[in-house]
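Summary of the model geometry
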Amino acid sequence: MDISFSYFAENMAGNPILIITVLLTLGVIFVNGWTDAPNAIATCVTTRCLSPRRAILMSAAFNFLGVFIMTQINSSVASTISNMVDFGDSTHSALIALCAALVSIVVYSVAASVFGIPTSESHSLIAGLSGAAIAIQHGIGGINGSEWVKVIYGLVLSLLLGFVTGWIVCKLITILCREMDRRKTNRFFAWAQIAGAAAMSFMHGAQDGQKFIGVLFLGIAFANGQGSVTGMEIPLWLMLLCSIVMGLGTSVGGEKIIKSVGMDMVKLERYQGFAADLSGALCLLYSSLFGIPVSTTHTKTSAIMGVGAVKRLSAINFGVVKDMMLTWIFTFPGCGLISFVMAKIFMFIFG
């Protein structure tokens, strides 16, 4: 399959369905940068190391770099997403189902963001693709179990590993800085936390950017009559396009989400904010290298809980944590059901 940009542009001109697919995918990437990326900088803003606008601009830049650089180094997360579902032999029907999945993700994500609730765009994406695949295949035969099980691994990893890593990193910092001058350490951790937020933003781009690159790559393959993207190399122009759109989405901001994640859940000091950012970035790096799609929201919030638990469990606002957990639990059936219904409607109209 020719995947050069010139061929892609020519194909777009004569293929309305491909145009819709590309616009929807880029829309989802933009929404992800808008609603999910603020989690990466929440602690940096709430500890007053950076103003919201500066933090958002920094995050946009590092999201861009994360998508662009990490996809060239290791694109296994993109491959996992691309191979997770089977839309059948008809590439026309598969493209319609993919459009339905993308519409459901936008609807679900925007509705959640209006209320300032941190959503898991990763789980919305997985649920949307799965719901559309079940609809078009009339059963669970459209789910690739060996790839889907990585989602389960990711769910456990992002929660447990984030919490444990956050606790360990924060405990080590507490021990190392116990005898140091508090004013000097505060100045150090102000700069360290900015670096930590940049690392979290970079890894957010590396994780979530790859997921959506995988979806867009799959849509391009369907439009060209290819049933899968197995063995194909992601082109450089596609990485660049997705990273730019995600960076633009991040620049729009998300101050409600920053408040919900960084302020309402745990009251953090600067060294704790740095510990949460470093822990989250390490967990995302590990997951990306092993091709496990995880939620950046899960990872960051569980790291914050681990950091808060070092001082005392009562430092965590479990009411906010419970609300987030319920949101995450509802994402799979909620977004999956929307996608299933949308796929059926789209197939009836366009099939």
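Structure first, text after, so check above.
Residues numbered from 1 in each chain as written. Predicted model: local features only at pLDDT ≥ 70, side-chain atom pairs only at ≥ 80, totals over all residues. Heavy atoms only, no water.

This brings us to the environment of M325. Residue position: M325 is located in helix 14 (residues 318-350). With 27 residues separating them in the primary sequence, M325 and H298 have C-alpha atoms 9.1 Å apart. (Helix = DSSP H or I, 4+ residues; strand = E, 2+ residues; numbered from the N terminus.)

By the definition in use, this model includes eight aromatic pairs. Seen from their ring centres, F188 and F189 are 5.1 Å apart, and the 75° between their planes marks the pair as edge-to-face. F188 sits in the exposed class, given a relative accessible area of 53%. The buried category is assigned to F189, whose relative accessible area is 5%. Both rings, one in Y286 and one in F290, keep their centres 4.9 Å apart while their planes meet at 40°; by these two values the pair is tilted. Residue F290 is classed as exposed on the basis of its relative accessible area, which comes to 54%. Taken together, the ring pairs connect F188, F189, Y271 and F274 into an aromatic cluster. (Phe/Tyr/Trp six-rings, centres within 6.5 Å; stacked < 30°, edge-to-face > 60°. Buried < 20%, exposed > 50% of the residue type's maximum accessible area, 1.4 Å probe, protein only.)

Now for helix 1 (residues 5-13). Within the span of helix 1, buried status applies to F8, N11 and M12. Down the axis of helix 1, the buried set is contained in an arc of 105°. They therefore lie on one face. Along helix 1, the residues that are exposed and aim more than 90 degrees away from the buried face are E10 and A13. (Arc of directions from axis to C-beta.)

Moving on: the packing of helix 12 (residues 270-289) against helix 13 (residues 296-311). Where helix 12 meets helix 13, the axes come as close as 8 Å, and the angle between the chain directions of the two elements is 140°. Here helix 13 runs oblique to helix 12, going by the angle between their axes. As helix 12 runs across helix 13, the sense of the crossing is right-handed. Residues Y271, Q272, A275, A276, D277, S279, G280, C283 and L284 of helix 12 touch helix 13, and the partners they reach there are T296, T299, K300, A303, I304, V307 and K311. Looking at side-chain class alone, the contact of helix 12 with helix 13 contains eight nonpolar, five polar and three charged residues. (Axes fitted to C-alpha atoms, helices over the stretch in contact; angles between N-to-C directions. Parallel < 35°, antiparallel > 145°, perpendicular 65-115°, else oblique. Left-handed = near helix turned anticlockwise from the far one by under 90°. Contact = heavy atoms within 4.5 Å. Nonpolar A, V, L, I, M, F, W, Y, C, P; charged D, E, K, R; others polar.)

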